[in-house]
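Coordinates in review
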Amino acid sequence: MHRELRSFFVLLAVYALAVPLAVHAAEPWATYRGNNQRTGNTDDQAGPAKPAILWVHKTQDHFIAAPVPLGDRLYVSGLGAFNTATFYSLATDPKAEKRIAWTKTTPFLKLPTVSSPAFLKGNLVFGDGMHQTDDPVLHCVRVEKGLPLWQLPVKGSLVHLEGSPTVANDRVYVGGGAAGVLCIDPNKLTLDGKEHDPAAMQKIIEGQWAALQKKYEEEKKKDPDLAAPPSDDQLSKPSPTLVWQQGKDKWHVDAPVAVADGRVFVASAFLDKEQVGDRALFALDAKTGDISWRADLKVNPWGGPTVAGKTVVVSGSSIGFTPLNLKNVKGEIAAFDVADGKEKWRKEIKAGVLACVTVVGDLVIAPSTDGKVRTFDLATGEPRWTYDAKAPIFAPVAVAKDTVYAGDLKGVVHAFGLADGKEKWKLDLGDDPAVKSPGMIYGGPVVHGGRLYVATCNLEGPLASKPTVVVCIGEK
């Protein structure tokens, strides 16, 4: 994804109501948007009825990926100047003395990072790299302090790990651009030819870090001006086991994958400029990577698949993530049977649907580049209601209880009814006196603990290089 913004570092990751638990990839936030229905909410707590800014984190980093809330922390990837990546762990308590709990940046992160993390047994897994870079790395770090656990380098041209990984059945699944899809066993870690389990490897890493810290303290006593603090990059880099890889040099998988009913659902794009890839939706055997079925798509599926019960729905757009070319855009939403890939329905739209769709009960929710949030019946594809934000929407929506939340490219957050699409409230981040920082919303809002979290970016346009924000919206 993110084809047209290369000069600006090229842009780009609950339990759904009435959907069986079997479709969930694993634990909450183990996959993109928290679950296979892509609701951006996993605790089923209602969001704010009357919005108020509880805290603001201002920075020069651009937030392309959606934030991920876990416990009392919010995790989000930021992109700074000169391709510098920063991965943030932010405290969510409005009264927190320090908003930034910890960060990861250079030299540990060597490539830009636009991947939302996935939760894995006390760890966070996320990838790096974008369309203009090669040879990315899949990272696994500890939740509490960000200490690295393992890394998986993925070599190759047009290879990048933009989409959020999915953790399911003790495996990690991730799309890798021209690398296709990779399945990883994170329980078998190899270092210097020896195999370790994660617990043993964690002790080794912690021991190395303690030794580096001790050496640093000793050097500070001798010469504080020359003493250099230790870096994560000095630690050992064990690798997990690659179980299988499918679609290498044949597909182009930038979107997050979904795992359900023993299958991995993969949306592959075709790159017009490079003339590579296969524009299609695939279902793979989760254990072996073998292709179960393939379905043609008419436009590129940048948002990836959404799974609800026995149906997988995929959206698409004739353009990538750029606000510069929104005229004559074409989009599509198509639904297929999970078991055999048989088409259930397909709708062409006179706008791009860059985000994944969200499914709640029998309702498919699709935000689009013309500012309209369209809804369809999951079984038949028949239109239901439409909400008009009056500004382009690139990001997926979040749903909590009876409310849908959307963020547009003018930095406005919208709340409207799940049943009828009627507006409940709007909040302009540029006008709000507690924020006063306009910016585009690319990653999509998330709802957790009754609060709404939104991050912005200003990679181009009239606000290029202006400050961006991560905001927490709740009730006073």
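Once a new chain begins, its residue numbering starts again from 1 and follows that chain's sequence as written. The model is predicted, so local features are restricted to residues of pLDDT at least 70 and side-chain atom pairs to those at 80 or more, both for listing and for counting; the totals for chains, interfaces and linings are taken over all residues. Side-chain metrics in this entry use all non-hydrogen atoms of the structure; hydrogen atoms and water are not considered.

Things to note about the pairing of strand β29 (residues 412–417)
- Classification of residues uses two cut-offs on accessible area relative to the type maximum, computed with a 1.4 Å probe and protein chains only: under 20% is buried, over 50% is exposed, and between them is partly exposed. Going along the chain from the N terminus, every DSSP run of H or I of four or more residues is numbered as a helix, and every run of E of two or more is numbered as a strand. Burial analysis of β29 places six of its six residues in the buried class, which makes it a mostly covered element.
- Two strands are counted as paired when DSSP detects at least two bridges linking them. Of the pairings in the sheet, the one linking strand β28 (residues 403–407) to β29 comprises five bridges and is antiparallel in character. The residue bridging Thr403 from the neighbouring strand is Gly417, located in β29.
- Between β28 and β29, which pair antiparallel in sequence order, lie four residues; one of them, Gly411, sits at a positive phi of approximately 75°.
- Counted between consecutive antiparallel strands, the loop separating β29 from strand β30 (residues 423–428) contains five residues, among which Gly421 sits at a positive phi close to 75°.

Regarding the pattern of salt bridges
- A carboxyl oxygen of Asp or Glu within 4 Å of a side-chain nitrogen of Lys or Arg is what we treat as a salt bridge. Per the counting criterion, the structure on display carries 20 salt bridges.
- For the salt bridge of Asp272 with Arg279, the shortest nitrogen-to-oxygen distance reads 3.7 Å.
- Taking the shortest distance from any N to any O, the salt bridge between Asp377 and Arg384 comes out at 3.2 Å.
- On the basis of relative accessibility, which here comes to 42%, the residue Arg384 falls in the partly exposed class.

Notes on the side chain of His414
- With respect to the element layout, His414 can be found in strand β29.
- Here a polar contact is recorded for every N or O atom pair within 3.5 Å, except that within protein the pair must consist of a potential hydrogen donor and a potential acceptor, and residues adjacent in sequence are included only if both atoms are side-chain atoms. Within the structure, the side chain of His414 is placed 2.8 Å from the side chain of Tyr387, a separation counted as a polar contact.

Some thoughts on the state of the cysteines
- Cysteine sulfurs are considered disulfide-paired once they come within 2.5 Å of each other. For the coordinates displayed, the defined rule picks out zero disulfides.
- There is no disulfide at Cys140, and the cysteine sulfur nearest it, in Cys183, is 15 Å away.
- Cys356 provides the cysteine sulfur closest to Cys457, a residue in no disulfide bond, and the two sulfurs are 17 Å apart.

Remember that the coordinates give geometry; whether it matters functionally is a separate question.
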